[in-house]
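Coordinates in review
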Amino acid sequence: PKIAATCPRGSGTYQPMKKQGAIILATGGDESNSAMGKFYEGIMVTGATTDATDDAVQANVVSAMYRIIPAPPATALGCYKDTEDYDLPVSASTGMVTTDALQECGTLCEGYKYFALEYGKECRCGHTYGKYGRSKDPTKDCAMPCEKDSAVTCGGYWFESVYSH
């Protein structure tokens, strides 16, 4: 039986997996990763819901046991100078939320070749790095403690600890 419709795929079609009460978003239902992206499960309603309904939806989301795919391991590339023109142009975050700055920044910069921790709390992304050169004294220049975990260093003042995915 058809759920909602069939979806085109190459020279054929596929039918999304059966999900009772689901909204078909036309991505991934064939167990492939050809349309990878982020998906946030929730509920669409008209009007307000009761606490019991909210609890039931949350229990449903938890019971689905989605896999958490970790960010790929990072490779440290060194300590590099930075300026107000920024070596890595994309500002992903000006303050860390978790205690694992490396994992958090790597996740925020998915889709970029490189990412960097700077000034103890900033996360920057880009496809190139090093336009201002390496630090002459990385043990001093990239030794600023991370905002959420002082046992870990997160670059320095106008110096960035650069990583690749």
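These numbers come from a predicted model, not from an experiment.

So, about the overall build of the protein. Scanning the protein from N- to C-terminus turns up 3 helices and 7 strands. Each of the 165 residues in the protein was classed as buried or not, and the buried ones make up 25%. For the protein, the accessible surface area stands at approximately 11,200 Å², while carbon and sulfur atoms represent 55% of it.

With that settled, the discussion passes to helix 2 (residues 101–108). All buried positions along helix 2 are accounted for by Ala101, Glu104, Cys105 and Gly106. The inward-facing, buried residues of helix 2 abut strand 5 (114–118) and strand 6 (122–126).

This part takes up the sheet that holds strand 4 (residues 90–93). Hydrogen bonds between backbone atoms are what pair the strands of a sheet, whose relative direction is either parallel or antiparallel. Here we have 5 strands laid out as an open sheet, ordered 3-7-5-6-4, and antiparallel in their pairing. The open sheet terminates on both sides in strands that have one partner only, identified here as strand 3 (75–81) and strand 4. Taken pair by pair, the neighbouring strands of this sheet meet at an average axis angle of 30 degrees, ignoring direction. With 3 bridges joining them, strand 4 and strand 6 adopt antiparallel strand pairing.

Let's shift gears to the side chain of Glu160. Relative to the elements of secondary structure, Glu160 occurs in strand 7 (residues 159–164). In this structure, Glu160 is buried with no salt-bridge partner, the nearest side chain bearing the opposite charge being Arg124 at 5.7 Å. In this structure, Glu160 is in contact with Gly78, Cys79, Tyr80, Lys81, Asp82, Asp87, Leu88, Ala116, Leu117, Glu118, Cys142 and Gly155, ignoring residues within four places of it in sequence.

Let us now look at the packing of aromatic side chains. Scanning all chains against the criterion turns up 6 aromatic pairs. For the ring pair Phe115 and Tyr163, a centre distance of 5.5 Å and an interplane angle of 20 degrees mean the geometry is stacked. In this pair, Phe115 sits in strand 5 while Tyr163 sits in strand 7, placing the two residues 48 residues apart along the sequence. Each of the two residues, Phe115 as well as Tyr163, counts as buried. Taken together, Tyr86, Tyr119, Tyr157 and Trp158 form an aromatic cluster joined through their ring pairs. Directly above the ring of Tyr86 sits Arg124, whose terminal nitrogen or CZ lies 3.6 Å from the centroid.

As for its position among the elements, Glu104 is in helix 2. Although Glu104 lies buried, it forms no salt bridge, and the closest oppositely charged side chain, Lys148, sits 8.1 Å away as judged by the N-O distance. Here the side chain of Glu104 touches Val97 through a polar contact of 2.9 Å, landing on its backbone nitrogen.

Definitions and cut-offs
- Going along each chain's sequence as written, the residues are numbered from 1 onward.
- Only residues with pLDDT of at least 70 are given local features in this predicted model, and only at 80 or more are side-chain atom pairs given and counted; all residues enter the totals for whole chains, interfaces and linings.
- Working from all heavy atoms in the structure, the side-chain values ignore hydrogens and water.
- Helix numbers and strand numbers start at the N terminus; a helix is a DSSP run of H or I with at least 4 residues, a strand a run of E with at least 2.
- Buried, partly exposed and exposed residues are distinguished by accessible area as a fraction of the type maximum, computed with a 1.4 Å probe on protein chains only: under 20%, between the cut-offs, and over 50%, respectively.
- Values of accessible area rely on a 1.4 Å probe in the Shrake-Rupley scheme; residue burial ignores everything except the protein chains shown.
- It only takes one pair of heavy atoms within 4.5 Å for two residues to be counted as in contact.
- Any two strands with at least two DSSP bridges between them are considered paired.
- To obtain an axis, a line is fitted to C-alpha atoms, over the contacting stretch when the element is a helix, and the angle between two such axes runs from 0 to 180 degrees between their N-to-C directions.
- Within this scheme the basic residues Lys and Arg register as positive and the acidic residues Asp and Glu register as negative, but His and the chain ends are omitted.
- By convention in these notes, a salt bridge is any Lys or Arg side-chain nitrogen within 4 Å of a carboxyl oxygen on Asp or Glu.
- Pairs were defined over the aromatic rings of Phe, Tyr and Trp, the Trp ring being its six-membered one, requiring ring centres within 6.5 Å. Orientation was assigned from the angle between planes: stacked under 30 degrees, edge-to-face over 60, tilted for the rest.
- Any Lys NZ or Arg CZ found within 6 Å of a ring centre and within 35 degrees of that ring's normal is scored as a charge over the ring.
- Definition of a polar contact: a pair of N or O atoms within 3.5 Å, with one able to donate and the other able to accept a hydrogen when the atoms are protein atoms, and with sequence-neighbouring residues admitted only if both atoms are side-chain atoms.

Geometric descriptors of this kind do not, in isolation, establish any biological role.
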